[in-house]
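Observations on chain architecture
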Amino acid sequence: MSVWRVVMLFVVVTVAVTMGRAQPARSKATNEALTFNSDGALRSKDTHWPEGFHPEQADLFVHNEIVIHASCDKVFADIADAQAWPTWYPNSHNVKLLNSPDGKLHEGTQFSWDTNGHHVESRVHEFVPNSRIGWFGDAPRTNGYHTYLLSKTTDGCHVVTEEVVKGPGAVELRKKEPEAMHNAHDLWLSNLKQRSATDRSPVL
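The following refers to the structure shown. (Residues numbered from 1 in each chain as written. Predicted model: local features only at pLDDT ≥ 70, side-chain atom pairs only at ≥ 80, totals over all residues. Heavy atoms only, no water.)

Summing up its helical and strand segments, the protein chain has 5 helices and 7 strands in all. For the protein chain, buried positions account for 43% of its 204 residues. Counted over contacts in the protein chain with a minimum sequence separation of 6, partners at least 24 positions apart contribute 54%. (Helix = DSSP H or I, 4+ residues; strand = E, 2+ residues; numbered from the N terminus. Buried < 20%, exposed > 50% of the residue type's maximum accessible area, 1.4 Å probe, protein only. Contact = heavy atoms within 4.5 Å.)

To continue, consider the state of the cysteines. Taken as a whole and assessed by the stated rule, the structure comprises 1 disulfide. With a sulfur-sulfur separation of 2.3 Å, Cys 72 is cross-linked through a disulfide to Cys 157. On the sign convention where negative means left-handed, the S-S torsion of about 105° between Cys 72 and Cys 157 marks this disulfide as right-handed. Separated by 85 residues along the polypeptide, Cys 72 in helix α2 (residues 72-80) and Cys 157 in strand β7 (residues 156-166) bring together distant segments of the chain. What makes Cys 72 buried here is its relative accessible area of 9%. On the accessibility criterion, Cys 157 (0% relative accessible area) is buried. (Disulfide = S-S within 2.5 Å.)

Next up on the list: the packing of α2 against helix α5 (residues 180-196). Close contact between α2 and α5 brings their axes to 10 Å; oriented N to C, the two are set at 120°. Here α2 lies oblique to α5, going by the angle between them. The way α2 lies across α5 gives a crossing that is right-handed. Here Lys 74, Val 75, Asp 78 and Ile 79 of α2 come into contact with α5, specifically with Leu 192, Arg 195 and Ser 196. In the contact of α2 with α5, the residues fall into 3 nonpolar, 1 polar and 3 charged. (Axes fitted to C-alpha atoms, helices over the stretch in contact; angles between N-to-C directions. Parallel < 35°, antiparallel > 145°, perpendicular 65-115°, else oblique. Left-handed = near helix turned anticlockwise from the far one by under 90°. Nonpolar A, V, L, I, M, F, W, Y, C, P; charged D, E, K, R; others polar.)

Right, let's talk about the side chain of His 185 for a bit. Inspection of the secondary structure puts His 185 in helix α5. A residue is classified by how much of its surface remains accessible, and His 185, at 5% relative accessible area, is buried.

Shown next, in the form of structure tokens:
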């Protein structure tokens, strides 16, 4: 075997070993975000994730769901009425819509708000009336994407909400308060249920 072939074989082996060592580190981070609680196993296959914000890329992932005895039209309208959030969801404050003529969320709407002690700048990315809504949220130490999926059922409306969060703040929250975001979303859904179900009109 020539010296040149020996050198090339050494380079190939070195690169393969280096990549093999690096891969588990990325997999470990991904797996931890999806396995530190049961939410990762429950993630919906029907959620639309934007590029760079798939659950496998998360530093923190949460999944919550609920059935609300109301039409999906009513539930979606309550989610889209962001300015009213502080009246029924105690973890939202100072909601300001920057480019909405009617004070509600639409595709491309930009809004700022304070939630769970953080100031967040958000932008609606997906907006399918009565079915889907999702927005980006940027805070000083995190970037996230929060989405809602609504489906009509015989009992009313099945709501799935999921969020992918990335950044050092997400890692810190996952380690120090692993259930904090899950519990916050549980509160959001339970209060949404109470608000939307106050309309006792028949579910169509």
